[in-house]
Amino acid sequence: MLAYIVRRVWQMVPTLFGVMLLLFVLFNWVGGDPSYILAGKNLSAEALAGIRQQLGLDLPLPQQFLIFVRQVLTLDFGTSWSTQQPVSALLHSRIGPSLLLTGSILLLGTVLAIGIAALVAYLRGSVTDRLVTLIATCAMSVSALVYIIAGQYWLAFKGGWFPIMGWSDSTLDNLLHYLPLPLLLGVIVGLAPDIRFYRSCFVEELSHDYVRTARAKGLSEPVIMLKHVLRNAMIPVVTSLMMSLPYLMMGAMLLETFFGIPGMGKEVVMAVERSDFPVIKAITIYIALATMLFNLLTDIVYKLIDPRVQLH
């Protein structure tokens, strides 16, 4: 196990270098010259030259790339071009609201989806199964934007049950007042596809011979579902969950934008609008690192769930 972890960590080095190289090429050849945006109405040759010198864009490209590599190695991406705040401090202030929102959505949504999927898989072919499948299919065909706008209008604006938008410095205040509605809408948006996916995993496991053997041995249905089926169906479930974890950093961009939550998703939207390349580069690198680490963690969890899994 340790040798596998060391080998996988070592393999992350060329992957990270490839991400850095791709980012650098995209921002320097495709992203355009940000000094034109930052100069605004002061579009003079002197102003442009001053901005390029301030941002280090007048340096040779190899030197700019080495500076970028040093930033990644030290996780110090300089200052934001638009706010002049240190990027690390800016992202540190944004990660908390995003993790609170997306972490709550992921936790609650996963528990509900697994419970409902296990139930309808056990009742497969019944009216309940068909009704839940039909509702989930219809719910998946509706855009997330519709849920957010309709929920905000009817539940907050018309009903007055929740604040329309806002965020507080108090975690307790956020949990009690500002988080429930975006949490509810986020869970509703993700519930239907998760139920469909998890149900298919459970139904496939229920058709295996070991389930028939367990029933022939006289085991009760709850024991078969919880002890055998749930455990064997967890590998695709864990894969789906682990793949979504790195994007918790991004937050729920639509929810944060509509509800005024100062999280990572909203910061990404603002950084793209303002061509704030240091912020975009930092978030991209962090997501790449998180993706590689969670991929490694996924393999380790596979081994813990099913000892028969061989890590090569």
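Here the structure is a predicted model, which is why all the values come from computation and not from measurement.

Caption draft 1: Quick look at the overall build of the protein chain. Check the secondary structure of the protein chain and you find 14 helices and zero strands. Along its sequence from the N terminus, the protein chain presents helices and strands in the succession α-α-α-α-α-α-α-α-α-α-α-α-α-α. Principal-axis analysis of the C-alpha atoms gives the protein chain an extent of 85 × 60 × 35 Å. Sorting the 312 residues of the protein chain into buried and exposed places 37% on the buried side. Summarising the internal contacts of the protein chain: among those between residues at least 6 apart in sequence, 72% fall at separations of at least 24. A gap of 9 Å separates the mean positions of the 21 positive and 18 negative side-chain charges of the protein chain.

Caption draft 2: Quick look at helix H5 (residues 87–122). In this model, H5 (36 residues) spans 50 Å end to end at C-alpha, consistent with the 52 Å of a helix rising 1.5 Å per residue. Its maximal kink placed at Ile95, H5 deviates by approximately 30°, while the proline Pro97 follows within four residues.

Caption draft 3: Layout of empty space enclosed by the protein. In this structure the tally under the stated criterion is one cavity of 30 Å³ or more. There is about 40 Å³ of room inside the largest cavity. For the lining of the largest cavity, the secondary structure elements donating two or more residues are helix H8 (171–178) and helix H9 (180–206). Classifying every residue of the lining of the largest cavity gives eight nonpolar, two polar and no charged.

Caption draft 4: Focus on the nonpolar core. Grouped together as the largest cluster of nonpolar side chains are 29 residues, with contacts concentrated most on Met20, Phe68 and Ile285. Those elements that provide at least two residues to this core are helix H1 (2–30), helix H4 (61–74), H5, helix H13 (264–273) and helix H14 (277–305). Sort the elements by how many residues they give to this core and H14 lands first, with 10 residues. Counting residues in each nonpolar core, the second largest holds 18 residues, with Leu191, Tyr198, Phe202 and Ala233 among its members.

Caption draft 5: Focus on the pattern of salt bridges. Summed over all chains, the structure comprises five salt bridges. Among the ionic pairs, Arg8 bridges to Asp299, the shortest N-O distance being 2.3 Å. With Arg8 in helix H1 and Asp299 in helix H14, this pair connects stretches of sequence that are 291 residues apart. Taking the relative accessible area as the measure of exposure, Arg8 reaches 17% and is therefore buried. The closest approach of N and O atoms between Glu221 and Arg215, which form a salt bridge, is 2.9 Å. Among the residues examined, Arg215 registers a relative accessible area of 32% and is labelled partly exposed.

Caption draft 6: Fine view of a nonpolar patch on the surface. A surface patch of nonpolar side chains, about 460 Å² in accessible area, is lined by Phe17, Leu21, Val25, Trp29 and Leu61. Sorting elements by how many residues they give to the nonpolar patch places H1 first, with four residues. Among the structural elements, Phe17 can be located in helix H1. Residue Phe17 is classed as partly exposed on the basis of its relative accessible area of 42%.

Caption draft 7: Summary view of the packing of H13 against H14. Between H13 and H14, the least distance of the axes is 8 Å, while the angle of their chain directions is 135°. Between H13 and H14, the angle falls in the class oblique. Considering how the two elements wind past one another, H13 and H14 form a crossing that is left-handed. Packed against H13, whose contacting residues are Met264, Glu267, Val268, Ala271 and Val272, the element H14 presents Val279, Ile280 and Ile283 at the interface.

Caption draft 8: Region of the structure containing the packing of aromatic side chains. Tallying each qualifying case throughout the model produces six aromatic pairs. Plain terms: the ring middles of Phe77 and Tyr286 are 5.9 Å apart, the flat faces sit at 70° to each other, and that makes the pair edge-to-face. Note that Phe77 is positioned in the loop between H4 and H5 and Tyr286 in helix H14, a separation of 209 residues in sequence. Accessibility expressed as a relative area gives 3% for Phe77, which makes it buried.

Caption draft 9: Broad picture of the environment of Arg199. Topologically, Arg199 is positioned in helix H9. C-alpha separation for the pair Arg199 and Ile114, spaced 85 residues apart in sequence, amounts to 8.0 Å. The contacts of Arg199, once residues within four sequence positions are left out, are Ala117, Val120, Ala121, Arg124, Asp129 and Thr133.

The rules behind these values
- Residues numbered from 1 in each chain as written.
- Predicted model: local features only at pLDDT ≥ 70, side-chain atom pairs only at ≥ 80, totals over all residues.
- Heavy atoms only, no water.
- Helix = DSSP H or I, 4+ residues; strand = E, 2+ residues; numbered from the N terminus.
- Buried < 20%, exposed > 50% of the residue type's maximum accessible area, 1.4 Å probe, protein only.
- Contact = heavy atoms within 4.5 Å.
- Lys, Arg positive; Asp, Glu negative; His and termini not counted.
- Charge placed at Lys NZ, Arg CZ, Asp CG, Glu CD.
- Expected span 1.5 Å × (residues − 1).
- Bend = angle between axes of the 7 residues up to and from the residue.
- 1 Å grid on protein atoms, 1.4 Å probe; cavity = no way out; pocket = protein on both sides within 12 Å on 5 of 7 lines; lining within 4 Å.
- Points joined across faces, edges and corners; volume = space filled by probe spheres on them.
- Nonpolar A, V, L, I, M, F, W, Y, C, P; charged D, E, K, R; others polar.
- Core = buried A, V, L, I, M, F, W, Y, C linked by side-chain atoms within 4.5 Å.
- Salt bridge = Lys/Arg side-chain N within 4 Å of Asp/Glu carboxyl O.
- Patch = residues over 30% accessible without salt bridge, like charges linked within 9 Å, V, L, I, M, F, W, Y side chains within 5 Å.
- Areas by Shrake-Rupley, 256 points an atom, 1.4 Å probe, with all protein chains shown as cover.
- Axes fitted to C-alpha atoms, helices over the stretch in contact; angles between N-to-C directions.
- Parallel < 35°, antiparallel > 145°, perpendicular 65-115°, else oblique.
- Left-handed = near helix turned anticlockwise from the far one by under 90°.
- Phe/Tyr/Trp six-rings, centres within 6.5 Å; stacked < 30°, edge-to-face > 60°.

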